[in-house]
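Coordinates in review
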Amino acid sequence: MDIKDLQRENIKTLKPYSTARDEYKGQASVFLDANENSFGSPLPANYNRYPDPLQLDLKDAISKIKGVPIENTFLGNGSDEAIDLLFRAFCNPGKDNVIVLPPTYGMYEVSANINDVELRKVDLLPNFQLDLEKIAETIDSNTKMIFICSPNNPTGNSIDRSDIETILANFKGLVIIDEAYINFARQKTFIQELTEYANLVVLQTFSKAWGLAALRLGMAFSSVPVIDILNKVKPPYNINQATQDLALAALANIKQVNDWIKVTVSERDRLSKALANLKIAQKVYPSDANFILAKVDDASAIYNLLVDKGIIVRDRSKVSLCEGCLRITVGTPTENDELISILEKL
Ligand SMILES: *Cc1c(COP(=O)(O)O)cnc(C)c1O
């Protein structure tokens, strides 16, 4: 499979924007090439210079933690930007199609619709695993991408590894594995498989375990041809300097993040048990993420009751295969106690 043949023709022939930073890289003392403010910024820190378009210092630090070379790493303004760029680079509007596996993360569908790309849905099986037969029947010669969210949002389970490998080995388009919740999972990341499959794209994010949702920083790991295409299509300065600086500082604080992951996982298991013991509980699904899907009596009423108490969960009761379910993010121990004590009174 040649990745370059998957991209849109206009992208193949696109001459990307060339920044001042692309045209001169080196040690000079006077920069009069980018129409910046040469005096400085009205802030304690200076942000008057455009940031590194390829974020090499930040990628170097990420590479040391993830073990993925810089040339296999793309950074986006959230994973949501990487998802959108994949559509724009690889899918011809009105011609190509992509496959999603509901119930799943909503952005794949929104991005498909924004880009006028046909979306084909193959529901997960009742055990929230892949329906490989239906997926195979749904693929045609215009199917460019399959999105697999694992651990899946909103169901919380990991997708069986061997099923994902079956798709990776047989599908001739891109397989995007969204690992936003991988830090909380028992299953290991697919990053190790990048060297095996040129069509694999692994998405991860700083928005969940890393506690940096407001910075907007997502990662896409893939083969060099895919990464080169994403870099060609992205806005030149998609990751701002403040985000690059703060993410670098955060990476030096990995111990704090790992401690929070441990607490979150133990709180998830405690909260799951407490939810399962409630009178209103019908089913608490096992979770590999930092949230729990729970089927309860009259989900909408319980949602509203919690809102009245100042606690917001996600009402997923109208989502197909999640009928009657609430999605509850694991909070701090105090927050979880508060939630449990309210629900125990019902
Ligand atoms: C939260 C989430 C993301 C994160 O998106 P960002 O744009 O990086 O904040 C990605 N995928 C899934 C499945 C999510 O639930």
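For clarity, every value in this text was computed on a predicted model and none was experimentally measured.

Considerations on the environment of K345
- Structurally, the position occupied by K345 is in the segment after helix 12 (333-344).
- Classification of K345 as exposed rests on a relative accessible area of 70%.
- Distance from K345 to K279, taken between C-alpha atoms, is 9.2 Å for residues 66 residues apart in sequence.

Brief notes about the pairing of strand 6 (residues 200-205)
- In terms of burial, strand 6 is a largely internal element, 6 of the 6 residues being buried.
- The alternating pattern of strand 6 places L200, V202 and Q204 on one face and V201, L203 and T205 on the opposite face, and all of these are buried.
- In this sheet, strand 6 lies alongside strand 5 (residues 174-178) in parallel orientation, the contact comprising 4 bridges. In the sheet register, I176 faces strand 6, and the bridge partner there is V201.
- Alignment of strand 6 against strand 7 (residues 218-221), held across 4 bridges, turns out to be antiparallel. Paired with V202 across the two strands is F221, which belongs to strand 7.

Some remarks on the domain arrangement of the chain
- What the domain assignment reports for the chain is domain 1 (3-252) and domain 2 (255-344).
- On a C-alpha basis, the centroid separation for the pair domain 1 and domain 2 is 29 Å.
- With 22 residues of domain 1 at the contact, the number on the domain 2 side is 19 residues.
- Both sides of the domain 1 and domain 2 interface together cover about 1700 Å² of buried area, and 61% of this is carbon and sulfur.
- Remark: the boundary between domain 1 and domain 2 carries 1 salt bridge.
- Our enumeration of links across domain 1 and domain 2 arrives at 7 residue pairs in polar contact (both at pLDDT 80 or more).
- In terms of residue class, the side of domain 1 that touches domain 2 is built from 12 nonpolar, 8 polar and 2 charged.

Focus: the sheet that holds strand 1 (residues 73-76)
- With mixed pairing, the 7 strands of this open sheet are ordered in space as 1-7-6-5-4-2-3. In this open sheet, the two strands that pair with only one neighbour each are strand 1 and strand 3 (118-121). Looking at each pair of strands side by side, their axes are set apart by 25° on average, direction ignored.
- Pairing geometry for strand 2 (residues 97-100) and strand 3, over 4 bridges, is parallel. Bridged to I99 within strand 3 is R120.
- Set on the sheet, helix 3 (residues 56-66) makes contact with strand 1, strand 6 and strand 7; between it and strand 1 the angle comes to about 120°.

Calculation notes
- Residues numbered from 1 in each chain as written.
- Predicted model: local features only at pLDDT ≥ 70, side-chain atom pairs only at ≥ 80, totals over all residues.
- Heavy atoms only, no water.
- Helix = DSSP H or I, 4+ residues; strand = E, 2+ residues; numbered from the N terminus.
- Buried < 20%, exposed > 50% of the residue type's maximum accessible area, 1.4 Å probe, protein only.
- Pairing = 2+ DSSP bridges.
- Domains from an automatic or database assignment.
- Contact = heavy atoms within 4.5 Å.
- Buried area = accessible area lost by both parts, 1.4 Å probe.
- Salt bridge = Lys/Arg side-chain N within 4 Å of Asp/Glu carboxyl O.
- Polar contact = N/O pair within 3.5 Å; in protein donor to acceptor, adjacent residues only side chain to side chain.
- Nonpolar A, V, L, I, M, F, W, Y, C, P; charged D, E, K, R; others polar.
- Axes fitted to C-alpha atoms, helices over the stretch in contact; angles between N-to-C directions.

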